[in-house]
Amino acid sequence: MTPSDYEYLRKLLKERSGLDLSADKQYLVESRLLPLARKSSLPGISELVEKMKGGANALTAEVVEAMTTNETFFFRDKIPFDHLRETIIPAMTQARAARRALRIWCAASSTGQEPYSIAMCLKEAGSLLSGWRTEIIATDLSLAVLEKSKAGIFSQFEVQRGLPIGLLVKYFTQNGELWQINAEIRSMVQHRQLNLLQDFSHLGVFDIIFCRNVLIYFDQNTKTNIFERLSRMMEPDGVLALGAAESVVGITNTFKPYPDRRGLYRPNIAPVIRVGVGASTLVPQTLRAVAAAR
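Residues numbered from 1 in each chain as written. Predicted model: local features only at pLDDT ≥ 70, side-chain atom pairs only at ≥ 80, totals over all residues. Heavy atoms only, no water.

## Brief notes about the overall build of the chain
Secondary structure assignment for the chain yields twelve helices and ten strands. Principal-axis analysis of the C-alpha atoms gives the chain an extent of 65 × 50 × 30 Å. In the chain, which comprises 294 residues, the proportion classed as buried is 50%. Partitioning the intrachain contacts of the chain with sequence separation of at least 6 by distance along the chain shows that 72% fall at a separation of at least 24. When the accessible surface of the chain is totalled, it reaches about 13900 Å², and 52% of it is carbon and sulfur. When the 36 positive and 30 negative side-chain charges of the chain are each reduced to one mean point, those points stand 6 Å apart. (Helix = DSSP H or I, 4+ residues; strand = E, 2+ residues; numbered from the N terminus. Buried < 20%, exposed > 50% of the residue type's maximum accessible area, 1.4 Å probe, protein only. Contact = heavy atoms within 4.5 Å. Areas by Shrake-Rupley, 256 points an atom, 1.4 Å probe, with all protein chains shown as cover. Lys, Arg positive; Asp, Glu negative; His and termini not counted. Charge placed at Lys NZ, Arg CZ, Asp CG, Glu CD.)

Right under this line is the structure:
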């Protein structure tokens, strides 16, 4: 791969996906694109680039997909899912007692381990969410990973990474060396193709957004823009979950850390507690603490 080939790919990936490759990532490009070149009967990446420049749109889409498909596994980093079970769901069930509905967006959902981890957390909440309407929207740039996610079929290696054995037995069916998550959990997740660089306001307003381990690949201006747009799609007391290596600090003022919960953030506006007929008048402890601090 020549320096000009690499610069062409850097620019293309930045424009199409927001992926911001530094000058020292040639090894990553080669490791992901050489197999694609061979599959396309091309001797190397230079020939792959030439074919793309000639207008091979399908090949260009494959290149973007190969470079933006990131690692994922069930209950990745564990802590955000502990927070979801122990803090977020109990607080939300009190704050939304009147409407009994919860909307969650899992951005950059990849092959489905994260949205299905969220779905299992909701299912395990039991009576707390009994009779509630819950909605999980899983989005990704790649159609291929969305199709895999829809099928809900995982290898032995995939289910052994982060998935507790109790949940495997409870929610999966084995077929040879593969495991499929059951239809009830699959039905809890809606899949849609989405590029975070483009407008996503049509998705509506959410109570919880998981946008984890994707913003680290973007430059600072792109991160700031995405954070600002995310904040406009959240309830005032909504919760944003980021990856372990991600933060809003020094990037945006539209979010602030959730008290004592690493990796969680809230819109930087005063929380609004909806009170109406049949609504609980109890305000979650974390929100009471915030109100008192104001």
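## A few points about the environment of Glu228
Assignment of secondary structure puts Glu228 in helix 11 (residues 220-231). On the accessibility criterion, Glu228 (34% relative accessible area) is partly exposed. Separated by 39 residues in the primary sequence, Glu228 and Pro267 place their C-alpha atoms 9.7 Å from one another.

## Details of the packing of aromatic side chains
Enumeration over the complete set of coordinates arrives at nine aromatic pairs. Through a chain of ring-to-ring contacts, three or more aromatic side chains come together here, namely Phe74, Tyr116, Phe154 and Phe172. Over the ring of Tyr8 we find Lys53; its NZ or CZ atom is 5.1 Å from the centre of that ring. Here the guanidinium or amino end of Arg103 rests over the ring plane of Phe206, the centre of that ring lying 4.3 Å away. (Phe/Tyr/Trp six-rings, centres within 6.5 Å; stacked < 30°, edge-to-face > 60°. Lys NZ or Arg CZ within 6 Å of the ring centre and 35° of its normal.)

## Structural notes on the pattern of salt bridges
Two side chains bearing opposite charge may form a pair once their charged atoms approach each other closely. One pass over the structure, following the stated rule, counts 17 salt bridges. Among the salt bridges present, the one from Arg212 reaches Asp77, with a minimum N-O distance of 2.7 Å. With Arg212 in the loop between strand 7 (206-210) and helix 11 and Asp77 in the loop between helix 4 (57-68) and helix 5 (79-95), this residue pair connects regions lying 135 residues apart in the sequence. Looking at Asp77, the relative accessible area reads 33%, which means it is partly exposed. (Salt bridge = Lys/Arg side-chain N within 4 Å of Asp/Glu carboxyl O.)

## Details of the packing of helix 2 (residues 26-39) against helix 4
Where helix 2 meets helix 4, the closest approach of the two axes is 10 Å, and the angle between their N-to-C directions is 140°. Taken together, helix 2 and helix 4 sit at an angle that is classed as oblique. Our pair here, helix 2 against helix 4, has a crossing hand that is right-handed. Between helix 2 and helix 4, the contacting residues are Leu28, Val29, Arg32, Leu33, Leu36 and Lys39 on the first element and Leu59, Glu62, Val63, Ala66, Met67 and Thr68 on the second. Its residues placed into classes, the contact of helix 2 with helix 4 shows eight nonpolar, one polar and three charged. (Axes fitted to C-alpha atoms, helices over the stretch in contact; angles between N-to-C directions. Parallel < 35°, antiparallel > 145°, perpendicular 65-115°, else oblique. Left-handed = near helix turned anticlockwise from the far one by under 90°. Nonpolar A, V, L, I, M, F, W, Y, C, P; charged D, E, K, R; others polar.)

## Notes on the sheet that holds strand 3 (residues 153-155)
With antiparallel pairing, three strands are arranged side by side in an open sheet as 3-5-4. The open sheet is flanked by strand 3 and strand 4 (172-175), the only strands paired with a single partner. Between one strand and the next, the sheet's axes are offset by a mean angle of 30°, whatever the strand orientation. Relative to strand 5 (residues 178-181), strand 4 runs antiparallel, the two being bridged by four bridges. Counted as the bridge partner of Phe172 is Ile181 from strand 5. (Pairing = 2+ DSSP bridges.)

That is the geometry; function is a separate question.
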